[in-house]
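Fold and contact review
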Amino acid sequence: MGQFRNKSYVIKSHFLKPGSDKKMEFFENHYLAVDTEGKIRYFGINTESITDYNINEILDKTDCIIIPGLIDLHTHIPQYPAIGLGKGTLLKWLDEYIYPLEIKFNDPEYAFSLSKMFFEECLKYGTTTVTAYSNSSFDGTDSAFQAAFDSGIRAFIGMSMMDTNAPELLLKSTRNNIDDSLKLAGKWHGAGENKLKYILTPRYALICSMELMKKTGEVSRKDGFYIQTHLAENIDELKKVAGMFPQCNTYTDVYHQAGMLNEKTLLAHCIYLSDYEIELIKSNNSNVVHCPSSNRFLKSGIFPFMNINELIHVGIGSDVAGGTSLSMLHELKEAVETSKTYQLIHDHTSEVLSSGEALWTATKGNADILGISNITGDFKTGVDADFATVKLERMGIEIGNISLDTITSKLLYLLGNKYVDSTYIKGKLLFSN
Ligand code: GUN
Ligand code: ZN
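Our next topic: helix H15 (residues 404–415). The end-to-end C-alpha distance of H15 is 16 Å, a good match for the 16 Å that twelve residues give at a rise of 1.5 Å each. Those residues of H15 that sit buried are Ile407, Thr408, Leu411, Leu412 and Leu415. In an axial view of H15, the angular spread of the buried residues amounts to 120°, which keeps them on one side of the axis. The secondary structure elements touched by the buried residues of H15 are strand S1 (9–18), strand S2 (24–34), strand S4 (57–68), helix H13 (328–347), helix H14 (355–369) and strand S14 (387–391). The positive-phi residue at the C-terminal boundary of H15 is Asn417, with phi of around 70°.

Turning to the nonpolar core, a few remarks are in order. Soluble globular proteins tend to bury their nonpolar side chains together. Grouped together as the largest cluster of nonpolar side chains are 110 residues, with contacts concentrated most on Ile65, Met213, Tyr255 and Leu411. Not counting chain neighbours up to four residues away, the residues in contact with Met213 comprise Ala205, Cys208, Phe245, Val254, Tyr255, Ala258 and Met260. Of all hydrophobic cores here, the second largest spans 15 residues; its members include Ile40, Leu59, Ile66 and Tyr424.

This part covers the coordination of the zinc ion (ligand 2). Each donor-metal-donor angle would ideally measure 109.5 degrees in four-coordinate tetrahedral geometry, or 90 or 180 degrees in six-coordinate octahedral geometry. Those protein atoms acting as donors to the zinc ion (ligand 2) are His74 (NE2), His76 (NE2), His230 (NE2) and Asp319 (OD), and they sit at 2.0 to 2.3 Å. For the zinc ion (ligand 2), the four donor atoms in the first shell make angles of 89 to 162° at the metal, so the coordination geometry reads as irregular. Binding-site remark: the zinc ion (ligand 2) is held by donors from one chain whose sequence spacing is H-x1-H-x153-H-x88-D. Taken together, the positions of His230 in strand S10 (residues 226–231) and Asp319 in the loop between strand S13 (313–316) and H13 put the pair 89 residues apart, joining distant regions of the chain.

Moving on: the packing of H13 against H15. The geometry of H13 relative to H15 is characterised by a closest axis approach of 8 Å and an angle of 110° between their N-to-C directions. Looking at the two axes, H13 sits roughly perpendicular to H15. The segment H13 lies against H15, with Leu329, Leu332, Lys333, Val336, Glu337 and Lys340 engaging Leu411, Leu412, Tyr413 and Leu415. For the contact of H13 with H15, the class distribution of residues is seven nonpolar, no polar and three charged.

By the secondary structure assignment, Thr201 is in strand S9 (residues 196–202). The sequence separation of Thr201 and Tyr80 amounts to 121 residues, and the corresponding C-alpha distance is 18 Å. In this structure, Thr201 is in contact with Tyr133, Gly158, Met159, Ser160, Met161 and Gln228, ignoring residues within four places of it in sequence. A polar contact of 2.8 Å, which involves the side chain of Thr201, links it to the backbone oxygen of Ile199.

Okay, the site of ligand 1 next. The immediate surroundings of ligand 1 are formed by His76, Gln79, Leu90, Trp93, Leu94, Arg203, Tyr204, His230, Glu233, His269, Ser294 and Asp319. Between ligand 1 and Arg203 there is a distance of 2.7 Å, counted from an oxygen atom to a side-chain nitrogen or oxygen. Measuring from a nitrogen atom of ligand 1, one finds a side-chain N or O atom of Glu233 at 2.7 Å. Out of a free accessible area of 280 Å², ligand 1 has 100% covered by protein chains. Here the element with the most residues in the shell around ligand 1 is helix H2 (residues 90–104); it accounts for three residues. Grouping the amino acids of the shell around ligand 1 by side-chain chemistry returns four nonpolar, five polar and three charged.

Attention now goes to the environment of Phe379. Locating Phe379 in the fold gives a position in the loop between H14 and S14. Assessed through its relative accessible area of 1%, Phe379 is described here as buried. Expressed as a C-alpha distance, the spacing of Phe379 and Ile77, which sit 302 residues apart in the sequence, is 29 Å. Setting aside anything within four residues of it in sequence, one finds Phe379 in contact with Phe15, Leu16, Lys17, Leu32, Ile40, Phe43, Ile66, Ile67, Pro68 and Phe387.

Compared with the 20 Å implied by 1.5 Å per residue over 14 residues, the 20 Å span of helix H4 (residues 138–151) between its first and last C-alpha is a close match. Buried residues along H4 sit against helix H3 (108–124), strand S7 (154–158), helix H5 (174–188), S9 and strand S16 (428–432). Where H4 starts, the residue carrying a side-chain oxygen 2.8 Å from the main-chain nitrogen of Gly140 turns out to be Ser137. Gly152 sits one or two positions beyond H4 and adopts a positive phi of about 90°.

Per the stated rule, a full pass over the model turns up 18 aromatic pairs. Centroid distance Tyr125 to Tyr419: 5.1 Å. Interplanar angle 65°. Geometry classified as edge-to-face. A residue pair is termed long-range when its members are at least 10 positions apart, and Tyr125 in the loop between H3 and strand S6 (127–133) and Tyr419 in the loop between H15 and strand S15 (422–425) qualify at 294 residues. By way of ring pairs, the aromatic residues Phe145, Phe149, Trp188, Tyr198 and Phe225 are connected into one cluster. Here Lys183 stacks its cationic end above the ring of Phe138, 5.4 Å away from the centre of that ring.

This paragraph deals with the pattern of salt bridges. Opposite charge on two side chains lets them pair, provided their charged atoms get close. Going through the model one piece at a time under the given rule, you end up with 19 salt bridges. Here Lys39 makes a salt bridge to Asp384, at a shortest N to O gap of 3.1 Å. With Lys39 in the loop between S2 and strand S3 (40–44) and Asp384 in the loop between H14 and S14, the pair connects residues that are 345 residues apart, well separated along the chain. Given the relative accessible area of 4%, Asp384 is considered buried. In this structure, the salt-bridge partner of Lys116 is Glu120, at a minimum N-O distance of 3.1 Å. Of this pair, Lys116 and Glu120 both sit in helix H3, separated by four residues, roughly a single helical turn. One network of salt bridges, in which partners are shared, links Lys39, Arg154, Asp384, Asp386 and Lys426.

Right, let's talk about the sheet that holds S16 for a bit. One open sheet accounts for seven strands, arranged S3-S2-S1-S4-S14-S15-S16; its pairing is mixed. The sheet is open, and its two edges are formed by S3 and S16, each paired on a single side. Pairs of neighbouring strands in the sheet enclose a mean axial angle of 35°, with direction left out of account.

About the thresholds
- Numbering of residues starts from 1 in each chain and follows the order in which that chain's sequence is written.
- Chains carry letters from A onward and ligands carry numbers from 1 onward, assigned in written order.
- Selection of residues for local features in this predicted model requires a pLDDT of at least 70, selection of side-chain atom pairs for listing and counting requires 80 or more, and totals for whole chains, interfaces and linings are taken over all residues.
- By convention in this description, side-chain values take in all heavy atoms of the structure and omit both hydrogens and water.
- Each helix is a run of DSSP H or I of at least 4 residues and each strand a run of E of at least 2, with the numbering of both proceeding from the N terminus.
- Multiplying one less than the number of residues by 1.5 Å gives the expected span of a helix.
- Only protein chains enter the accessibility calculation, which uses a 1.4 Å probe; a residue is then buried when its area is under 20% of its type maximum, exposed when over 50%, and partly exposed in between.
- Read the arc as the range of directions from the helix axis to the C-beta atoms.
- When checking whether two residues touch, look at their non-hydrogen atoms; a contact exists if any pair is within 4.5 Å.
- What makes a nonpolar core is a set of buried Ala, Val, Leu, Ile, Met, Phe, Trp, Tyr and Cys residues whose side-chain atoms join them at distances within 4.5 Å.
- Only N, O and S atoms count as donors, using a 2.8 Å limit from the metal and a wider 3.2 Å limit for Na, K and Ca, and since water is excluded some coordination spheres may look unfilled.
- Square planar and octahedral sites, with four and six donors, are those where opposite donors lie more than 155 degrees apart and all other angles lie between 65 and 115, tetrahedral sites have four donors with every angle between 85 and 135 degrees, and the rest are irregular.
- Each axis is a line fitted through C-alpha atoms, and for a helix only the stretch in contact is used; angles between axes span 0 to 180 degrees, taken between their N-to-C directions.
- Should an angle fall under 35 degrees it is taken as roughly parallel, and over 145 as roughly antiparallel, whereas 65 to 115 is taken as roughly perpendicular and any remaining angle as oblique.
- Here the term charged refers only to Asp, Glu, Lys and Arg, the term nonpolar to Ala, Val, Leu, Ile, Met, Phe, Trp, Tyr, Cys and Pro, and the term polar to all other amino acids, Gly among them.
- Under the rule applied, a polar contact is a pair of N or O atoms within 3.5 Å (in protein, one hydrogen donor and one hydrogen acceptor; residues adjacent in sequence only if both atoms are side-chain atoms).
- Whether a residue is near a molecule or strand is decided by its heavy atoms; if any one of them lies within 4 Å of it, the residue is near.
- Per-residue accessibility takes into account occlusion by the displayed protein chains alone, with areas from the Shrake-Rupley method and a 1.4 Å probe.
- Pairing of aromatic rings covers Phe, Tyr and the six-membered ring of Trp, with a centre-to-centre limit of 6.5 Å; geometry is then stacked below 30 degrees between planes, edge-to-face above 60, and tilted otherwise.
- Charge over a ring is defined by NZ of Lys or CZ of Arg lying within 6 Å of the ring centre and within 35 degrees of the ring normal.
- Should a side-chain nitrogen of Lys or Arg be within 4 Å of a carboxyl oxygen of Asp or Glu, the pair is scored as a salt bridge.
- Here a strand pair is declared whenever DSSP counts at least two bridges between the two strands.

So, in C-alpha cells, the structure goes:
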C-alpha cells in the first residue's frame, strides 16, 4: 500500500471524465501522469508530453476503466451498524434504532473503531471524499476525525448539534454545542494535508432551538464553514416543524430566518418543497442533497430529481443508515431508478436521470457544491489524483465501439454495492482488491 508516495508515475488506461452539460466523456487509451505531490500533471494521448516529466513508473491498466474518486455528500458515521434495521418511518426509526447507537458513539474507543471501519469501507467502494455527521459528543467526533486522518480519506465531518427534544445523553446546551464545534474545528479544520474540513451540523429543526440555528448561521458567515442539515424529508416531520415554529411560513423559512441559508449550506432530502421554498433556496444559492435509497427505505417519499435539478444545485449522498449502502455507485443506481418511479407516478413526461448524469453528479457536481472542484472530482491538470479503477471484465464490456451510456450503465448496475479494484487519493494507493 502507498508504494507510489513521492514517486511520479503514468497510468495508461480508459477514463470516464466529467465533461460539460453535466455529462461524462469517455477516453480510450489515454495517459494520466501523477507527480510526486500526488497531483495530475497531464491527461491526454500524447506520449511525448509524458517523457518531459521525470517518470519513475509506467502502469498499464488497459484492462480497467478509471473514474474520478466518488464523493458522498451526506452520510452518518455512527449509524453504520444500523443499515437495514427498522421498519418504521423517520421519527420512530430515529428514536428506536438511531439515537441508541449514537449514544454508544459517546465512547471514544468504540467511536474510533467504528469510524475506522466506516472510512475503510468508503475507500473500498471508490469514495474518496465523504461529508459526514458524527454524533453529538466532542469525544466521539474527535475519534471520528482521528480515524479519517489515519485512513487518508478526504472528509467534511461535523458534530451533530442538538439542544432540545432529543434523549438526555445526546443533548447539550446551545452554548456547549457551539463551543465544542469550534474547538473541534480549531483542531481538525485543514488537517491531513488540508483533506479534513469541519462542517457545522445543526441536525434538523425539530431538535435545534432557533438560538442554536441563528448562532450556526453567524459562525458560518463569519468563519466560512459549510453547514449541513436535513430539510423536508417526511410528512410527520413537516407537521411538527409547523407546530414548533408558527412564526415561519414554511420549513425552509425556519432555516432562512435563522440565517442558515448560504452558498455553503447542504440541505438533505428536500422531498416536500413548495415553489416558494425552491425559490428561497435558489436565491440564497444553497444546495440540495438527494438521498434516494434512504428516501425509499424510510418510505419518506419520491424526490423529483429532474425538476429540481433544473433550478438549483442538487448533489447525491448515501445517508447511511437510512440509506442502505456506502456504495455511491449503488446510490446512483437508486437515483436513476427513483427518477423512473417519479415519472411513472407523477407526470409520465419528465426526463429520467441518466447513469452518466448521475455519475457526473457524484464527481464534478458534488465537488462543485463542496467548493473543491479545483482539488478533486476530475482529471484536470493541477488537481489531486483522486480516482478509482474497475476491471472491464467485471462490467462485462470490451473496449471498442461501445457507447458511453452502456459503460456508465454497466458501472452502476454491475458494480453498485461491490468493491472497486483500487482507490487512490492524492496519487496514493489506499485500497487494492
Ligand atoms: N433527520 C434528522 N436526523 C436524521 C438522520 O439521522 N437520518 C435521516 N435520514 N434524517 C434525519
Ligand atoms: Zn441524514
